[in-house]
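Each chain, letter by letter, is given below.
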Amino acid sequence: MKFWTLLRANLGRHRRRTFLTIASVALALFLFASLRTVVTTLGAASRFGSARRLVATNATGIVFPLPIAYANRLAAIPGVERVSWANWFGGQYGDGKRFFANFAVDARSYLDIYPEMQVPADQKAAFLADRSGALIGNRLLDVFGWRVGQNVTLRGTIFPGDWTFTIRGVYTPADKAINDDAMMFHFAYLDEKTGRQGLAGWYIMEIDSAEHAPAIAKTVDDMFRNSTAPTKTGTEQAFNASFATMWGNVSLLMNTIGMAVVFAILLVTANAMMMSARERTRELAVLKTIGFTDRRLFGLVMAEAGIITVTGAVLGLGAAKLLYRATNFNAGGFLPGFDVTPATFLLGGAVALALMLASGIVPAARAARLPVVAALRNVE
Amino acid sequence: MPLVEIRDVTKTFSRDAERIDVFNGLSMEIEQGSFTALMGPSGSGKSTLLNLIAGLDRPTSGTVTVGGAVVSGMSPAELATWRARNVGFVFQQFNLLPVLTAYQNVELPLLLTRLSKKERDERIRIALGVVGLDDRLRHYPRQLSGGQEQRVAIARAIVADPTLVLLDEPTGQLDAKSSQEVLSLLSRLNAEFGKTIIIVTHDPHAAARARRQLHLEKGTFVEQAMAAGAPA
């Protein structure tokens, strides 16, 4: 602490430069934490899912439907305890700029299978009783200013026309990985308005034991192998992961951009530190004359780099944590549970440490090795 | 008893392919409590000799001993620690740190000691009082005159109570009045506080304050003058 006055004075020598360097580090760490959180959120989404839930989709692709008639046959398979189904709706609200997931579900069975979606009992009952009712994620209350009991009209994109629903309930996810800005309505309503085509987008099955998942999935796929709509069945986790793996290259890109940003800032910080030390050649020589050892000067210059990078890291990582939490950011529903994790904090801290070492070590070593007589002679 | 002993010192600089012999077997002694002026033309080796005594530079051969410590044989870390305790150095260009106040500049050598903050404060106030600047504690170098800056530099040199104070052209940047103030201060430090002072100067008035004058030419002492009653 004795040397704090000296450190503070040196950092305050070019206040604007010090401020900009700290701001650069803060921005780099903010971006690093943000991009890293995209990756961790995608990873969490890919890991979400009960091992006791299977998802069956059309083997040709998820955009191809499956007959609703499969439901009874699936329910009859030994080990299958519940069956539900859903269909992507893809409706837009207002000007359509704010995306949110909306799909038709077999309401009663869907809510039974997903206890993670917590709905007050009265609202659940109201939703189940109203054929044109809708259940919305709690975030949509804030996004659109909706309230329970309100009629909302969506413009259909896959199913053309205006579709009006009455909001009957609001769900709150018990798991952060569940999207909290989705909207669900009754499959029967969709089926009725589209001429009772009897087609579902995907099936969800709750099974008796996770150990039976491979066998039951095989039974399902074998059952429909020679039909016009063969199935592809896997665990819910694998189903979610298949979406996340579509982002696989995005994750790589995010990591690459994150490291590139950090490297660019490293050059800025290192340059600022070297300029700062070079400008003080005479002063460093004077300190050596006074009796400051090489090691102490090395430590002082490294401490300056440390103060800059630690301050920047605290500001950058702290801003990322507070900002995303305060704004409840989820990238329009694409990244539910978006939050800077403790692991990202630790990694950010390690990046800041590496930044400190990489930016400070050259000027610090130069200060330590400075030949006093030559330095004084050159500047006098 | 000699405080500084220089024995058979040679010092050679290499510049490109050229060898420059500054000293070739130089020997001398400086007594404790003396006030010595080193004079001579540019390039005669005055500043180099001062640097050798301060341990800022090493002789090519020979030994430099100060207060019984063989300075020429110390490691860089040992030299730094030794300098912090035993040597005060004053430069021609003052070399105060512009971002620190007079008080903070004077405090620098004390940061290397185990003194408490209170003890440091007492020492700083005494040192600045000795140089007559106890009313300029919070002033930055840019707010001081050249003479005042040099007095702060002297306070910094004496605050850790070193045995030896070395000054390289301390009046070279000062006007006549400020020079006289600084020289009077040095005489006082020598006479009242018993500091051993070695001053490198071109200025005959400055040299006249010393009790012993040594003239260097091409790395050799060519003349020695003593004030009446001065120790050798």
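Residues numbered from 1 in each chain as written. Chains lettered and ligands numbered in written order. Predicted model: local features only at pLDDT ≥ 70, side-chain atom pairs only at ≥ 80, totals over all residues. Heavy atoms only, no water.

Visitor: So what exactly am I meant to see when it comes to the overall build of chain B here?
Guide: Assigned secondary structure in chain B consists of seven helices and ten strands. Against the 2.2 N^0.38 benchmark of 17 Å for 232 residues, chain B shows a C-alpha radius of gyration of 17 Å, consistent with a compact globule. Reported as C-alpha extents along the three principal axes, the dimensions of chain B are approximately 45 × 40 × 40 Å. In chain B, which comprises 232 residues, the proportion classed as buried is 55%. Sequence separation of at least 24 residues holds for 68% of the intrachain contacts in chain B that already meet a minimum separation of 6. Taking the average location of the 26 positive side-chain charges in chain B and that of its 25 negative ones, the two points are 5 Å from each other. (Helix = DSSP H or I, 4+ residues; strand = E, 2+ residues; numbered from the N terminus. Rg over C-alpha atoms; globule rule 2.2 N^0.38 Å. Buried < 20%, exposed > 50% of the residue type's maximum accessible area, 1.4 Å probe, protein only. Contact = heavy atoms within 4.5 Å. Lys, Arg positive; Asp, Glu negative; His and termini not counted. Charge placed at Lys NZ, Arg CZ, Asp CG, Glu CD.)

Visitor: Would you take a moment to explain the overall build of chain A for this structure?
Guide: Within chain A, the regular secondary structure consists of 14 helices and twelve strands. In terms of C-alpha radius of gyration, chain A reaches 29 Å, well past the compact-globule figure of 21 Å for 380 residues. Based on the C-alpha atoms only, the size of chain A along its principal axes is roughly 95 × 45 × 35 Å. For chain A, the residues scored as buried account for 52% of the 380 residues in total. Put simply, of all contacts in chain A between residues at least 6 apart along the chain, 81% involve residues at least 24 apart. As presented, chain A carries roughly 17700 Å² of accessible surface, and 61% of it is formed by carbon and sulfur atoms. One way to put it: in chain A the 38 positive side-chain charges average out to a point 14 Å from where the 26 negative ones average out. (Areas by Shrake-Rupley, 256 points an atom, 1.4 Å probe, with all protein chains shown as cover.)

Visitor: What's the story with the pairing of strand 7 (residues 164-168) of chain B in this structure? I'm lost.
Guide: Successive side chains on a regular strand alternate, one facing one side of the sheet and the next facing the other. Residue and element names in this part refer to chain B. Of all five residues in strand 7, five are buried, a share of seventy percent or more. What you see with strand 7 is no split at all: Leu164, Leu166 and Asp168 on one side and Val165 and Leu167 on the other are buried throughout. Of the strand pairs in this sheet, strand 6 (residues 87-90) and strand 7 are connected by four bridges, and their pairing is parallel. Note on strand 7: the bridge partner recorded for Phe89 is Leu166. Inspection of the sheet shows strand 7 paired to strand 8 (residues 196-200) by five bridges, in the parallel sense. Bridging across to strand 8, Val165 finds its partner in Ile197. (Pairing = 2+ DSSP bridges.)

Visitor: Even after reading the chapter, I still don't get the side chain of Arg212 of chain B, so can you show me in this structure?
Guide: Residues and elements named next belong to chain B. With respect to the element layout, Arg212 can be found in strand 9 (residues 212-217). The charged side chain of Arg212 is buried without a salt bridge, its nearest counter-charge being Glu31 at 6.9 Å. In this structure the side chain of Arg212 is engaged in a polar contact, spanning 2.8 Å, whose partner is the backbone oxygen of Glu29. (Salt bridge = Lys/Arg side-chain N within 4 Å of Asp/Glu carboxyl O. Polar contact = N/O pair within 3.5 Å; in protein donor to acceptor, adjacent residues only side chain to side chain.)

Visitor: Would you mind going over the interface of chain A and chain B with me for this structure?
Guide: It is common to give the size of an interface as the accessible area lost on bringing the parts into contact. Taken together, the 25 residues of chain A in the interface contact 26 residues of chain B. Summed over both sides, the interface of chain A with chain B buries roughly 2200 Å², with 66% coming from carbon and sulfur. For the chain A face of the interface with chain B, the top three residues by lost area are Lys2, Thr289 and Ile290 of chain A, together amounting to 27%. Scanning the region where chain A abuts chain B turns up zero salt bridges. At the junction of chain A with chain B, the criterion picks out six residue pairs in polar contact (both at pLDDT 80 or more). Within the residue set of the side of chain A that touches chain B, elements represented by two or more residues are helix 1 (4-11), helix 11 (281-290), helix 12 (294-327) and helix 14 (372-379) of chain A. In the side of chain A that touches chain B, the residues fall into eleven nonpolar, five polar and nine charged. (Buried area = accessible area lost by both parts, 1.4 Å probe. Nonpolar A, V, L, I, M, F, W, Y, C, P; charged D, E, K, R; others polar.)

Visitor: Would you mind showing me how to read the domain arrangement of chain A here?
Guide: Residues and elements named next belong to chain A. When the domains of chain A are assigned, the result is domain 1 (4-45 + 248-378) and domain 2 (60-229). Domain 1 and domain 2 are separated by 47 Å when their C-alpha centres are compared. Every contact between the two is made by eleven residues of domain 1 and, on the other side, nine residues of domain 2. Of the roughly 740 Å² buried between domain 1 and domain 2, counting both surfaces, carbon and sulfur atoms make up 45%. The interface formed by domain 1 and domain 2 includes one residue pair in polar contact (both at pLDDT 80 or more). (Domains from an automatic or database assignment.)

Visitor: It is not clear to me how the sheet that holds strand 5 (residues 69-70) of chain B should be interpreted in this structure. Could you clarify?
Guide: Sheets are built from strands that pair by backbone hydrogen bonding, the pairs being arranged parallel or antiparallel. Residue and element names in this part refer to chain B. Spatially, the four strands line up as an open sheet ordered 2-1-4-5, and their pairing is antiparallel. Since the sheet does not close on itself, it has two edges, and those belong to strand 2 (18-31) and strand 5, each with one partner. In terms of strand pairing, strand 1 (residues 2-15) meets strand 4 (residues 61-66) through five bridges, oriented antiparallel. In the strand pairing of strand 4, Thr10 is matched with Ser61.

Visitor: Looking at this structure, how should I read helix 8 (residues 213-223) of chain A?
Guide: Side chains of residues three or four places apart in an α-helix project in the same direction, reflecting 3.6 residues per turn. Residue and element names in this part refer to chain A. Along helix 8, the residues classified as buried are Ala213, Ile216, Ala217, Val220 and Asp221. End-on, the buried residues of helix 8 take up no more than an arc of 135°, which puts them together on one face. Residues of helix 8 that are exposed and point more than 90 degrees away from the buried face comprise Pro214 and Lys218. Those residues of helix 8 that are buried lie in contact with strand 1 (53-58), helix 3 (70-75), strand 3 (80-88), strand 11 (202-207) and strand 12 (231-235). (Arc of directions from axis to C-beta.)

Visitor: What am I meant to see in the environment of Leu357 of chain A here?
Guide: Residues and elements named next belong to chain A. Among the secondary structure elements, Leu357 is positioned in helix 13 (residues 342-369). The exposure class of Leu357 is partly exposed, given its relative accessible area of 40%. The sequence separation of Leu357 and Leu266 amounts to 91 residues, and the corresponding C-alpha distance is 10.0 Å.

Visitor: Which parts of the structure should I look at to understand the pattern of salt bridges?
Guide: Between side chains of opposite charge, a pair can form when the charged atoms approach closely. Residue and element names in this part refer to chain A. In total, this model carries 28 salt bridges over all chains according to the counting rule given. Between Arg52 and Glu81 there is a salt bridge whose closest N-O contact spans 3.2 Å. Within this pair, whereas Arg52 is found in the loop between helix 2 (15-47) and strand 1, its partner Glu81 is found in strand 3, the two being separated by 29 residues in sequence. With a shortest N-O distance of 2.5 Å, Asp222 and Arg225 are connected by a salt bridge. Among the ionic contacts, a cluster of salt bridges with common partners joins Arg53, Glu116 and Glu236.

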